[in-house]
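Structural features, examined
Each chain is listed here by its residues.
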Amino acid sequence: MAIEYEKEMKSGTVEQRMVYESGNEMAAYAAHQINYHIMGYYPISPSTEVAQFLDLMKANGQHDVKLIPADGEHGSAGICYGASTAGGRVFNATSANGYMYMLEQMPVQSGTRFPMVMNLVCRSVSGPLNIHGDHSDLYFALNTGWPILLCRDPQAVYDMNIMAIKLAEDAEVRLPVLVAFDGYFTSHQKRRVQTFAHREDVHQFIGEQPVRGFADTLDRHNPITVGPYMNEPDYINNCYQQSMAMYKAGEVFDRIRQEYAELTGRDYPILDLYRMEDAEVAVFLLNSAGEIIKDVVDQLRAMGIKAGAISPNIIRPFPAKEIAEALAHVKAVTVGDRADSYGGHGGNMVNEVKAALLTHGNRDTMIINRIYGLGGKDFYSEDGHALFECALEAVQKGHVEKPFDYYGHTPGDAATTPQRVLEPMKYEDLKTGLITVKQDEETGKLNVRIPPLRQLTKKPKRIAPGHGACPGCGIFSGLELFFKGIEGDIVALFHTGCAMVVTTGYPYSAHKATYIHNLFQNGAATLSGVVEMFWERKRRGELDALNLPDDFTFVMITGDGGMDIGMGPAIGAALRNHKMIILEYDNEGYMNTGAQLSYSTPLGHRTSTSNVGTVQAGKMFHHKDTAQIMAATNIPYVFTGSEAYPQDLLKKAAKAQWYAQNEGLVYGKILITCPLNWLSEDKMGTQIVNAAVESCFFPLYEVERGVTNITYNPEEKNKKIPLLDWLNMMGKTRHMAKPENADTLHRFEHEVDRRWSALKAKHEHPDL
Amino acid sequence: MVTLPKVNALGFFEIRLESIGGLGANLAGKMLAEAGVNGSGLNGVSFSSYGSEKKGSPVKAHIRFCMPETLIRDTTPVERPHIVGIFHESLHKTTHVTSGIYEDSLVLVNSTKTPEELKEKLCLSGGKIAVVDAIGIALEEKNRVNMAMLGALFRLCDFLDVEQMKSVIRKSLEKKYPNAVQPALNTFQRGYDEVKFQTFAFPEGIELPEPVRWDTPLLGYETQPIGGMVVNPGNSILKDLSISRAGMMPHFLSDKCIHCAACDNVCPDYCFVWEEKPDKKGRPQMFLQGIDYQYCKGCLKCVYACPTDALSSEREEDGYADEHRVPHLFDLAARQ
């Protein structure tokens, strides 16, 4: 039984309060107590909850942090950087690919010396998408010039967040600070956590206002130039200043943590050493695994083995001297790296530990490195024993047999190699001949003929059943209906999002034809590369041997999230006019990461980052009109569609294919239901999108070579319904019918009417 | 001071909830843990299995309780539970729900069956089996399955304070959903009162298997195609998604069907099976044959889309899906 090995800690001098919360909740809780001025953020698992919890608290008036939903992490880092130059306190949280996307901004922020605090909720950065916890994102942070504080549990997440802002603002530091903890293991597990009972005591510790006396961009009496163009010979001196400040940050942290320990009774020395005083073998681990290993140490000690564990609380600056001292009398240490530095003969930590020992004159301690726990692979105590076994074996043999290896990888069984299950779809089944698109030779207009939907049930579906979407998900009915209108072969690219995740959970794939995934800020660019390679290889005759019966139709599938973060590349692809289709399934939010607002979320709608509370009632700004934005790129064909109007959508799919094969880029948006996050009944999906069309919130229309045509006008059919009739069908908008939200409803109605009127005008005038 | 009935070597009493997304097991686990930590002064940790699993997919919630002075370091899932709470009876078809139980562990199942029947169905050689008809109670009380399961779990965790839990339920609901407070409390109470137990002696010589680590994959670095590529796409057809249904399913009456394909247009799971046959005039035409229940998640969109009475919404009964399933005829690759 793990009873506290060290003596009971002092309880501290400040009044505290116990809560039972997760790491993400504690990061948000600390941020709300600090009451930062600004948080610019973009959702990514597993860090998203930090913004969600802050928004929920904000909706009920518990803090005044201005929460700004960015258009991607690059944007969020920009918002934070700008805000930090303007003299207030700034906060952010991200993970993995999100961190990579903002990476170029990190050295800018540290190099121009503007403090802020960012939480990195560690997750793997990967090719095949993995959203679970390892340290591959953290290792990219090592060279950014940000001091890095580590947290092994939710208590540390809270404590480090309080200390981080004080460290960042210190006159001798003036650097942005990263607080890193393990995705899911720490971010999502609830524990007992001690907190400051009063916000005033937090402010007493960190200072009510940021440390003043440093220039900011809002002081008109003292104009400054931020970020000049700096060549050699000056640049190296800026770097030297930064290097000095970083090492200073180590000293300042050591001072701050002692002040903090006085107040709270919780101490975070540079190194967390567990039973190291007489240890002969040790294991060095970062973050959550560094706690689990302590149970293993206790078990080994009970067996008479002198084991100990080391886990740093800060890795930038790297505590080289402290580590060398801690290992001075250790015979062998296993360093576990939760990310590889491919080709580096060891992960980043082992190589830094080795350098530390060499620098400080220790050539005796044997060092073994194991890469473990990648992509969230659990670290059980049996794994801890295996890491100690490496060190024990070295001690016994007197040398290290295998200095570098992976731990926890498996070879697999030759008998279970992947076998083809389905035959590839036959071209003649996909090319039914039932759908025809002919261009009128005189007018140039397209005449589309489609059969009754019954006949098209013969056509194979492009996606196989067995995918893991929620019951009633609108994505898959919508996509297949669109695909039914396309004859012949499709090569599809799916952006990151629900449709991608639920169809490709390894080793399964529901895609019967060729499919590519790329991260959702870059699908349009990626598919345009595929398209151009097709045409170039075809031109060079390299595809002749395949006897392709026809050209492929290239389709990119994206959610509305992918059209936020990926708007730039989508516009780029449109302006280049590649022969491809971009099809957006719009479910009015980032549903894959837990229903955060997207720019397509309409005004007043409840999401997990536009909560409804005493002082906030859903999303604060209007929905994005993506179809009109894309139409403004002057591509040949833009359309909107819905499964509630199947013939209309089929015809548009057929036209889309014709344009994508003959003229260039097509963009289409289908509105689809997300019962889970719209808080609506599974079975009502089709009716809800139907109501969205009939209320004129989501008009069905096309823009063909610049000419707008409304393909279904509810007014003319006498079917127009009030907006509220649609909103009342969903739990996420039920509050909008309440009298206190009448103003929001009115503004929403006004905006829908205005856009509908503008669309009608365009429909009537081919020049508009 | 509260005492835990039993603990493992590290000092933990461990509970694992097995469910599908959408039944509220995550919330039930959270409330159970909070009741132990905030209400009874225990130390504890709780979490769910996280990933990109959606509603209807298998999920687990893990709860560890220990005495206040015990340090919590472990972040791994509960492999050896003292209590397993199974929120969906059919889960055992795809998940080893009782993995790692001890001889004296308690297995609670949401079911209308008897403990004997469940012992058979879950292939248990013995032990203590508890049953509560959580779906039935929830339907009658117009509340959620998780409240009934929570009531039953409280009965099994007699070290926790029932009154404390009721005040948590009251507090968490009264502001937003004041009308839901009484039904939730009734559902909780009925779960507590109506759970039935039976203990079965283990036959001589039977030893319970050690848990198998869940994170050992089928493929490995010698057999996995490079780059994570899937070279046998479409293999999702091998999956059985019938456990995603949370009680309701569509029934198909072919004689009322006009083969309009409205159901096929709205089905997210591609469950409708068609066949080409000659129509009355001898021309080839498509005819709806039925539903492949292996993939049906019970959303019932098709029932709403159907212009006739050919599709209806029904409570799922044991065996109906297997009996009435019309399987897809896929163009399967020849297997060696």
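Residues numbered from 1 in each chain as written. Chains lettered and ligands numbered in written order. Predicted model: local features only at pLDDT ≥ 70, side-chain atom pairs only at ≥ 80, totals over all residues. Heavy atoms only, no water.

**Considering the overall build of chain A**
This is how it is decided: A helix here means a DSSP run of H or I that spans at least four residues, while a strand means a run of E at least two residues long, and both kinds are numbered starting from the N terminus. Only C-alpha atoms enter the radius of gyration; for comparison, a globular chain is expected to reach 2.2 Å times N to the power 0.38, where N is the number of residues. Between buried and exposed lies partly exposed: a residue is buried under 20% and exposed over 50% of the maximum accessible area for its type, with that area taken using a 1.4 Å probe on protein chains only. It only takes one pair of heavy atoms within 4.5 Å for two residues to be counted as in contact. Areas reported here follow the Shrake-Rupley algorithm with a probe of radius 1.4 Å; residue values treat only the protein chains shown as occluding. Only four residue types enter the charge count: Lys and Arg as positive, Asp and Glu as negative, with His and the chain ends excluded. Think of each charge as sitting on NZ of Lys, CZ of Arg, CG of Asp or CD of Glu.
Helix and strand counts for chain A stand at 26 helices and 25 strands. What you see for chain A is a C-alpha radius of gyration of 29 Å, in line with the 27 Å of a compact globule of 768 residues. Along the first, second and third principal axes, the C-alpha set of chain A runs to 90 × 65 × 60 Å. Here chain A, with 768 residues, has 60% of them falling under the buried criterion. Residue pairs at least 24 apart in sequence account for 78% of intrachain contacts in chain A once pairs closer than 6 positions are excluded. Carbon and sulfur atoms form 52% of the exposed surface of chain A, whose accessible area is close to 29300 Å². Considering chain A, the positive charge centre built from 74 side chains and the negative charge centre built from 92 side chains are found 4 Å apart.

**Structural notes on the interface of chain A and chain B**
To keep things clear, this is the line we draw: Defined here as a combined quantity, buried area equals the accessible surface (1.4 Å probe) lost by two parts on assembly, summed across both. A side-chain nitrogen of Lys or Arg and a carboxyl oxygen of Asp or Glu constitute a salt bridge if their distance falls within 4 Å. For this analysis, a polar contact is any N or O atom pair within 3.5 Å, provided that within protein one partner can donate a hydrogen and the other can accept it, and provided that sequence-adjacent residues contribute only side-chain to side-chain pairs.
Residue-level contacts link 88 residues of chain A with 91 residues of chain B. Together, the buried faces of chain A and chain B total about 8300 Å²; carbon and sulfur atoms form 56% of this surface. Summed over the three residues of chain A that lose the most area to chain B, namely Y20, V421 and R454 of chain A, the buried surface amounts to 10% of that side. Counting across the chain A and chain B interface gives 12 salt bridges. Run the count over chain A and chain B and you get 42 residue pairs in polar contact (both at pLDDT 80 or more). Only β8 (191-196), α10 (289-302), α13 (381-397), α15 (453-456), α16 (474-484), α17 (498-503) and α24 (685-694) of chain A provide two or more residues apiece to the side of chain A that touches chain B.

**Concerning helix α3 (residues 73-85) of chain A**
Residues and elements named next belong to chain A. Our working rule: To estimate how far a helix should extend, the number of its residues minus one is multiplied by 1.5 Å.
Across its 13 residues, α3 extends 18 Å between first and last C-alpha, which sits within 8% of the 18 Å expected from 1.5 Å per residue. Against the buried residues of α3 lie β2 (38-41), β4 (90-94), α4 (96-101), α5 (105-111) and α19 (562-565). Immediately beyond the C-terminal end of α3, within one or two residues, lies G87, with a positive phi of roughly 90°.

**Comments concerning unusual backbone geometry**
Residues and elements named next belong to chain A. Going from E232 to P233, the amide bond is cis rather than trans, its omega being 10°. Looking at the element boundaries, P233 is found in the loop between α8 (199-206) and α9 (235-264). In this structure, P317 follows R316 across a cis peptide bond, with omega equal to 0°. Its location among the elements puts P317 in the loop between β12 (314-316) and α11 (320-326). In this structure, N287 is a non-glycine residue whose phi angle is positive, near 60°. On the secondary structure map, N287 appears in the loop between β10 (281-284) and α10. Judged by its relative accessible area of 0%, N287 is buried. Its identity is not glycine, yet N577 carries a phi of approximately 55°, on the positive side. Assignment of secondary structure puts N577 in the loop between α20 (567-576) and β21 (581-586). A residue is classified by how much of its surface remains accessible, and N577, at 31% relative accessible area, is partly exposed.

**Looking at the packing of aromatic side chains**
The following threshold applies: For Phe, Tyr and Trp, rings pair up if their centres lie within 6.5 Å, where Trp contributes its six-membered ring, and each pair is then called stacked (planes under 30 degrees apart), edge-to-face (over 60) or tilted (otherwise). For a Lys NZ or an Arg CZ to count as sitting over a ring, it must be within 6 Å of the ring centre and within 35 degrees of the ring normal.
Applying the stated criterion across every chain yields a total of 29 aromatic pairs over all chains. Here the aromatic residues F482, F483, Y637, F639, W658 and Y659 of chain A are joined through ring pairs into a cluster of three or more. The ring of Y192 of chain B has R155 of chain B lying over it, and the distance from NZ or CZ to the ring centre is 5.4 Å.

**Brief notes about the nonpolar core**
Under the convention used in this document: To qualify as a nonpolar core, a set must consist of buried Ala, Val, Leu, Ile, Met, Phe, Trp, Tyr and Cys residues joined through side-chain atoms within 4.5 Å.
Ranked by internal contacts, the top residues of the largest apolar core, which has 96 residues, are F482 and W726 of chain A. Top contributing element to this core by residue count: helix α22 (residues 646-662) of chain A, with eight residues. Excluding its chain neighbours within four sequence positions, the residues that come into contact with F482 of chain A are V555, I581, L583, F639, L649, A653 and A656 of chain A. Formed by 64 residues, the second largest nonpolar core is a distinct cluster that contains A25, V84, L106 and L153 of chain B.

**Details of the UniProt feature "domain: Thiamine pyrophosphate enzyme TPP-binding" (unreviewed entry) in chain A**
Spelled out, the test is: UniProt positions are given in the numbering used here, feature names are shortened, and annotations may be inferred rather than shown by experiment.
The positions UniProt marks with the feature "domain: Thiamine pyrophosphate enzyme TPP-binding" (unreviewed entry) are residues 551-657 of chain A. In residues 551-657 of chain A, the share of helix is 30% and the share of strand is 17%. The end C-alpha atoms are 11 Å apart.

**Some details on the packing of α10 of chain A against α13 of chain A**
Residues and elements named next belong to chain A. Just so we agree on the cut-off: Each axis is a line fitted through C-alpha atoms, and for a helix only the stretch in contact is used; angles between axes span 0 to 180 degrees, taken between their N-to-C directions. Here is the rule for handedness: rotate from the far helix to the near one, and if that takes an anticlockwise turn smaller than a right angle the crossing is left-handed, while a clockwise turn gives right-handed. Lys, Arg, Asp and Glu make up the charged group, whereas Ala, Val, Leu, Ile, Met, Phe, Trp, Tyr, Cys and Pro make up the nonpolar group; the residues left over, Gly among them, are polar.
Where α10 meets α13, the axes come as close as 9 Å, and the angle between the chain directions of the two elements is 65°. Judged by the sense of rotation from one axis to the other, the crossing of α10 with α13 is right-handed. Across from I292, I293, V296, V297, Q299 and L300 in α10, the residues of α13 making contact are S381, G384, H385 and F388. Split into classes, the residues belonging to the contact of α10 with α13 amount to six nonpolar, four polar and no charged.

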